[in-house]
Amino acid sequence: MVVGGSWLYHGAPFLVSMAAMRSGVDLVYVAVPEKIATAVRSLSPSLIVLPLPDYKLTSKSLDRLEKVLDNVTAAAIGPGLAKGCEKGILKLVDILDEKNVGIVLDATALFRDVLLHVAGRKCVLTPHAGEFKRLYGSEPGSTLEERVNNVFEASKHHRVVTLLKGPADVVSDGFEVVVNRKEPLSAAMTVGGTGDVLTGIAAGFVAKGVTPMNAAVAAAVANGLAGVYAAHKKGFHITPEDVIEEIPAVLKRFDSVV
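Residues numbered from 1 in each chain as written. Predicted model: local features only at pLDDT ≥ 70, side-chain atom pairs only at ≥ 80, totals over all residues. Heavy atoms only, no water.

A.B. asks: Looking at this structure, how should I read the side chain of Thr 108?
C.D. replies: With respect to the helices and strands, the residue Thr 108 is situated in the loop between β5 (102-105) and α5 (115-118). Classification of Thr 108 by relative accessible area gives buried; the value is 17%. Contact partners of Thr 108, with chain neighbours within four places excluded, come to Gly 78, Leu 81, Ala 82, Lys 83, Ile 89 and Arg 134. (Helix = DSSP H or I, 4+ residues; strand = E, 2+ residues; numbered from the N terminus. Buried < 20%, exposed > 50% of the residue type's maximum accessible area, 1.4 Å probe, protein only. Contact = heavy atoms within 4.5 Å.)

As structure tokens, then:
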């Protein structure tokens, strides 16, 4: 399930949803404000769109989400979501945890108070540098060594999995650190929306039962490779949709029937 979107950002939850679909999940519910639900629904027949009664995560919106949670194994929260949803996000996170639903938080859902609600839980946080500062109260650092140390310490202190997005992604659960170094062509991924793609892949892996740390690492690698594949075809002129279309080319080599 993807929860996000607002009057300005209807594309973000769509990109997350389609990336999750391409990661191999069976169904994706995308919950967006009802005023943009038709626009999102028109973008793909593959998605199950849940119109929410308000732009913010009010009690009415949470009630509507609870009706489908028995069918959900992971949720991505935050992309495109309006500001002022903090209380609703905290309540939703607690509800999801009670139902043992894995969580991926991004964008609007990354704020300091959420840390107390996700500590030690099945959750991945996916900040870029600015969101890292908002979330943890300090800069991630300018060098790779600083970013590795700061991501490790923040993850250890708050007992969370952090995926710091950047030219080299840094992932840590407070016990180990993995750095995902990318090819030069990955510079094309500065285009807006590729972070949403990453969130969708991570949520897809969590939905399939992968641990948060492994899901974060695998998503970082898969997203980076898909971006490079897209850039090989289109140079520095890619869109996030181009990255999504390359996800199967990255992942199909690992397909198996058990």
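A.B. asks: Can you walk me through the pattern of salt bridges in this structure?
C.D. replies: Should their charged atoms come close, side chains of opposite charge can pair. Across all of its chains, the model carries 9 salt bridges by this definition. Of the charged contacts, one joins Arg 121 and Asp 97 as a salt bridge, the two residues approaching to 3.2 Å between their closest N and O atoms. Remark: Asp 97 occurs in helix α4 (residues 86-98) and Arg 121 occurs in the loop between α5 and β6 (123-125); sequence separation between them is 24 residues. The class for Asp 97 is partly exposed, based on a relative accessible area of 30%. Across the salt bridge formed by Lys 165 and Asp 106, the nearest N and O atoms sit 3.3 Å from each other. Separated by 59 residues along the polypeptide, Lys 165 in the loop between β7 (161-164) and β8 (168-172) and Asp 106 in the loop between β5 and α5 bring together distant segments of the chain. Because the salt bridges share partners, they merge into one network encompassing Asp 94, Asp 97 and Arg 121. (Salt bridge = Lys/Arg side-chain N within 4 Å of Asp/Glu carboxyl O.)

A.B. asks: Sorry, what's going on with helix α7 (residues 144-158) here?
C.D. replies: Each α-helix winds once per 3.6 residues, and so residues spaced three or four apart point in a common direction. With 15 residues, α7 ought to run about 21 Å at 1.5 Å a step, and its terminal C-alpha atoms sit 21 Å apart, in line with that. Listed in full, the buried residues belonging to α7 are Arg 147, Val 148, Val 151, Ala 154, Ser 155 and His 158. Looking straight down α7, one finds its buried side chains confined to an arc of 145°; they lie on one side. For α7, exposure combined with an orientation more than 90 degrees from the buried face picks out Glu 145 and His 157. Those residues of α7 that are buried lie in contact with α5, α6 (129-136), β7, β8 and β9 (177-181). Count one or two residues on from α7 and you reach Arg 159, which has phi positive near 55°. (Expected span 1.5 Å × (residues − 1). Arc of directions from axis to C-beta.)

A.B. asks: What's the story with the side chain of Lys 165 in this structure? I'm lost.
C.D. replies: With relative accessibility at 14%, the residue Lys 165 sits in the buried group. Among the polar contacts listed, one links the side chain of Lys 165 to the backbone oxygen of Thr 126, at a separation of 3.1 Å. (Polar contact = N/O pair within 3.5 Å; in protein donor to acceptor, adjacent residues only side chain to side chain.)

A.B. asks: What should I look at first to understand the pairing of β9 in this one?
C.D. replies: The two faces of a sheet get side chains in turn, since along a regular strand they alternate between them. Relative to β9, β8 is paired through 5 bridges, and the arrangement is antiparallel. Bridge pairing in β9 places Ala 168 opposite Arg 181. Following β8, the chain reverses through 4 residues before pairing antiparallel with β9; Gly 174 in that reversal takes a positive phi of roughly 90°. (Pairing = 2+ DSSP bridges.)

A.B. asks: Explanation requested: a nonpolar patch on the surface in the structure shown.
C.D. replies: A cluster of nonpolar residues, Trp 7, Leu 8, Tyr 9 and Tyr 55, forms a patch on the protein surface that exposes about 490 Å² of accessible area. With respect to the element layout, Tyr 9 can be found in the loop between β1 (2-3) and α1 (11-23). Assessed through its relative accessible area of 48%, Tyr 9 is described here as partly exposed. (Patch = residues over 30% accessible without salt bridge, like charges linked within 9 Å, V, L, I, M, F, W, Y side chains within 5 Å. Areas by Shrake-Rupley, 256 points an atom, 1.4 Å probe, with all protein chains shown as cover.)

A.B. asks: I would appreciate a short explanation of the pairing of β7 in the present structure.
C.D. replies: On β7, burial covers both faces: Val 161 and Leu 163 on one face and Thr 162 and Leu 164 on the other are all buried. Note: β7 against β8, 3 bridges, orientation antiparallel. Opposite Leu 163, over in β8, you have Val 171 as the bridge partner. Following β7, the chain reverses through 3 residues before pairing antiparallel with β8.

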